[in-house]
Amino acid sequence: KIEKAKPIKCGTFGATSLQQRYLATGDFGGNLNIWNLEAPEIPVYSVKGHKEIINSIDGVGGLGIGEGAPEIVTGSRDGTVKVWDPRQKDTPVANMEPMQGESKRDCWTVAFGNAYNQEERVVCAGYDNGDIKLFDLKTMSLRWETNIKNGVCSVEFDRKDINMNKLVATSLEGKFHVFDMRTQHPTKGFASVSEKAQKSTIWQVRHLPQNRDIFMTSGGAGSLHLWKYEYPAQRSKKDSEGAEMGVAGSVSLLQNVTLSTQPISSLDWSPDKKGLCVCGAFDQTVRVLIVTKLNKV
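Just so it is clear, the model here is predicted, and its values are computed rather than measured.

**Here we look at the overall build of the protein**
(1) Moving on: Within the protein one finds zero helices and 25 strands.
(2) Moving on: Taken against the 2.2 N^0.38 rule, which gives 19 Å for 297 residues, the C-alpha radius of gyration of the protein at 19 Å falls within 12% of a compact globule.
(3) Moving on: Based on the C-alpha atoms only, the size of the protein along its principal axes is roughly 60 × 45 × 35 Å.
(4) Moving on: The 297 residues of the protein split such that 52% are buried.

As structure tokens, then:
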């Protein structure tokens, strides 16, 4: 148990090896800190990353699964998304901020993806106005953007360390969207399917590490929903002008359970034991669950 002066909003082990177990945290003061949990008095890396609260953080490259640098991405209320390499002091390696004259939007969620070799990597960010933006870190450009008309609470690729395959985005209004990221059409972008899961906010989405087509969403009504994505017969087709466009699949509900009267705001699966998961809720309770029969779906 470690206590710090500034309240901590988010954390990840994603940019560190299992041997190191360094925890990267974003706090209410806009600071990014990396802690060695064996000696947590002083952070091993510290930077005033943002002008306002860091809402979301993700790490990649350090887990032995991804390729490339052990980077950390932070998204903040100040409207910027920044990528950090802990080997470089003080300045981010990438900074995605609103254009001159553009109003800044509160960034609620960030996620890495497409890290299948040393060069390729993308960051997906979701904002309070429903914007989803995909930044390509190889070309340092905005690769794609869309709007789902409602605040984006959580985004996650089904795997960080493969060619982009699927992306799930959840929203304030109880809807989630699954984008097929394999085929990007020049004007229409990525094909997607949306599902109205419940009446309340979907706070989180997490894919099952052992099966990327199964994912869990956690809701404002204290419930967990387990979903399965079914691919279409063909994942892409040619449009009238001969350009490839994606074809969205379908989503089916496998199981759901209500655990709390309060929102379930955080969720994670065990990478080792299939079906073991943990969630935290506003009722100040951490619950550990096991989901059985996952081999049969």
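**Considering unusual backbone geometry**
(1) Moving on: At aspartate 90, a residue that is not glycine, the phi angle is positive and equals roughly 70 degrees.
(2) Moving on: Mapped onto the fold, aspartate 90 is located in the loop between β7 (81-84) and β8 (94-96).
(3) Moving on: Its relative accessible area of 48% is what places aspartate 90 among the partly exposed residues.
(4) Moving on: Even without being glycine, lysine 293 reaches a positive phi, approximately 65 degrees.
(5) Moving on: Looking at the secondary structure, you find lysine 293 in the segment after β25 (286-290).
(6) Moving on: By relative accessible area, lysine 293 is classed as exposed at 62%.

**Concerning the packing of aromatic side chains**
(1) Moving on: Scanning the entire structure with this criterion turns up six aromatic pairs.
(2) Moving on: Considering the side-chain rings of phenylalanine 176 and phenylalanine 215, the 5.4 Å spacing of their centres and the 90 degrees angle between planes classify their relative orientation as edge-to-face. Within this pair, whereas phenylalanine 176 is found in strand β15 (residues 175-180), its partner phenylalanine 215 is found in strand β18 (residues 211-219), the two being separated by 39 residues in sequence. Neither phenylalanine 176 nor phenylalanine 215 differs from the other in exposure class; each is buried.
(3) Moving on: Centre to centre, the rings of phenylalanine 176 and tryptophan 227 are 4.8 Å apart; their planes meet at 65 degrees, and the pair counts as edge-to-face. Placement of phenylalanine 176 in strand β15 and of tryptophan 227 in strand β19 (residues 223-230) is noted, with a sequence separation of 51 residues between them.
(4) Moving on: Take phenylalanine 176: its relative accessible area is 0%, and that puts it in the buried class.

**Concerning the side chain of aspartate 213**
(1) Moving on: In this fold, aspartate 213 is placed in strand β18.
(2) Moving on: Since its relative accessible area comes to 16%, aspartate 213 is described here as buried.

**Description of the sheet that holds strand β14 (residues 166-171)**
(1) Moving on: If you walk across this open sheet you meet the four strands as β13-β14-β15-β16, and the pairing is antiparallel. Looking at strand neighbours, the two that pair on one side only are β13 (152-157) and β16 (192-196), the edges of this open sheet. The mean inter-strand angle of the sheet, taken between neighbouring strand axes irrespective of direction, is 15 degrees.
(2) Moving on: Here five bridges tie β15 to β16, and the two strands are oriented antiparallel to one another.

**Remarks on the UniProt feature "repeat: WD" (unreviewed entry) in the protein**
(1) Moving on: UniProt records the feature "repeat: WD" (unreviewed entry) at residues 72-85, using the numbering of this structure.
(2) Moving on: In residues 72-85, helix accounts for 0% and strand for 64%; the two terminal C-alpha atoms are 6 Å from one another.

**Structural notes on the environment of serine 252**
(1) Moving on: Tracing the backbone through its elements, the reader meets serine 252 in strand β22 (residues 250-258).
(2) Moving on: Classification of serine 252 as partly exposed rests on a relative accessible area of 28%.
(3) Moving on: In this structure, the C-alpha to C-alpha distance between serine 252 and glutamate 195, residues 57 residues apart in sequence, is 9.2 Å.
(4) Moving on: Beyond its immediate sequence surroundings of up to four residues, serine 252 is in contact with Leu226, Trp227, Lys228 and Glu230.

**Thoughts on the environment of arginine 121**
(1) Moving on: Tracing the sequence through the fold places arginine 121 in the loop between β9 (107-113) and β10 (122-127).
(2) Moving on: Put simply, arginine 121 and alanine 69 are 52 residues apart on the chain and 10.0 Å apart in space, counted from C-alpha to C-alpha.
(3) Moving on: For arginine 121, the side chain forms a polar contact with the main-chain oxygen of alanine 69, separated by 2.8 Å.
(4) Moving on: Here the side chain of arginine 121 touches glutamate 71 through a polar contact of 2.8 Å, side chain to side chain.

**Describing the nonpolar core**
(1) Moving on: Grouped together as the largest cluster of nonpolar side chains are 16 residues, with contacts concentrated most on Ile132, Leu134, Trp144, Phe157, Leu167, Phe179 and Met181.
(2) Moving on: The element contributing the most residues to this core is β13, with three residues.
(3) Moving on: Setting aside anything within four residues of it in sequence, one finds leucine 167 in contact with Cys124, Trp144, Val155, Glu156, Phe157, His177, Val178, Phe179 and Met181.
(4) Moving on: Val60, Val83, Met96 and Val110 belong to the second-largest nonpolar core, a separate cluster that totals 15 residues.

How each quantity is defined
- Residues numbered from 1 in each chain as written.
- Predicted model: local features only at pLDDT ≥ 70, side-chain atom pairs only at ≥ 80, totals over all residues.
- Heavy atoms only, no water.
- Helix = DSSP H or I, 4+ residues; strand = E, 2+ residues; numbered from the N terminus.
- Rg over C-alpha atoms; globule rule 2.2 N^0.38 Å.
- Buried < 20%, exposed > 50% of the residue type's maximum accessible area, 1.4 Å probe, protein only.
- Phe/Tyr/Trp six-rings, centres within 6.5 Å; stacked < 30°, edge-to-face > 60°.
- Pairing = 2+ DSSP bridges.
- Axes fitted to C-alpha atoms, helices over the stretch in contact; angles between N-to-C directions.
- UniProt positions renumbered as here; feature names shortened; annotations may be inferred.
- Contact = heavy atoms within 4.5 Å.
- Polar contact = N/O pair within 3.5 Å; in protein donor to acceptor, adjacent residues only side chain to side chain.
- Core = buried A, V, L, I, M, F, W, Y, C linked by side-chain atoms within 4.5 Å.

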